[in-house]
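Chain and residue survey
Listed below are the residues making up each chain.
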Amino acid sequence: MKNQRQLSNPITLRVPADILAEIEEIADVCERTRSWVFVRALKSYLATEGREVLEIAKARREMANGEAYDLDDVVSEVATAIKGAAA
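Residues numbered from 1 in each chain as written. Predicted model: local features only at pLDDT ≥ 70, side-chain atom pairs only at ≥ 80, totals over all residues. Heavy atoms only, no water.

1. Structural notes on the pattern of salt bridges
Heads up, the condition is: Counted as salt bridges are all cases of a side-chain nitrogen of Lys or Arg within 4 Å of a carboxyl oxygen of Asp or Glu. Numbering of helices and strands runs from the N terminus; a helix is a DSSP stretch of H or I covering at least four residues, while a strand is a stretch of E covering at least two. Only protein chains enter the accessibility calculation, which uses a 1.4 Å probe; a residue is then buried when its area is under 20% of its type maximum, exposed when over 50%, and partly exposed in between.
One pass over the full model with this rule turns up two salt bridges. In this structure, Glu24 and Arg34 form a salt bridge, with 2.9 Å as the shortest nitrogen-oxygen distance. A residue pair is termed long-range when its members are at least 10 positions apart, and Glu24 in helix H1 (residues 17-30) and Arg34 in helix H2 (residues 34-64) qualify at ten residues. On the basis of relative accessible area, Glu24 is assigned to the partly exposed category, the value being 35%.

Next comes the structure, spelled out in structure tokens:
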């Protein structure tokens, strides 16, 4: 039996008419529902731009908590280490 994902309660979403028309056309061509197309589009967004937003937010939290290093400091330390190894 195929693994079924738990679904949320229905949500209401307003989208521009031209986008809805395109979603409906894609759904018709693929013989799928509009919901299927929307979920595919959302998954694609979450895997790309959404992931980037979350990674930036995480980096900002780490910097605020002192858990990150300044790039200029790291470059300076690496340059010092390289000079020391070359001597």
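Past the structure itself, the notes keep going.
2. What to know about unusual backbone geometry
Even without being a glycine, Glu31 presents a positive backbone phi close to 55 degrees. Counting through the fold element by element, Glu31 comes out in the loop between H1 and H2.

3. Section: the confidence of the model for the protein
We apply this condition: Known as pLDDT, the predictor's per-residue confidence is scaled from 0 to 100.
Taken residue by residue, the protein gives an average pLDDT of 91. The fraction at 70 or more is 95%. When the elements of the protein are averaged for pLDDT, helix H3 (residues 71-86) gives the smallest value, 86, and H1 the largest, 97.

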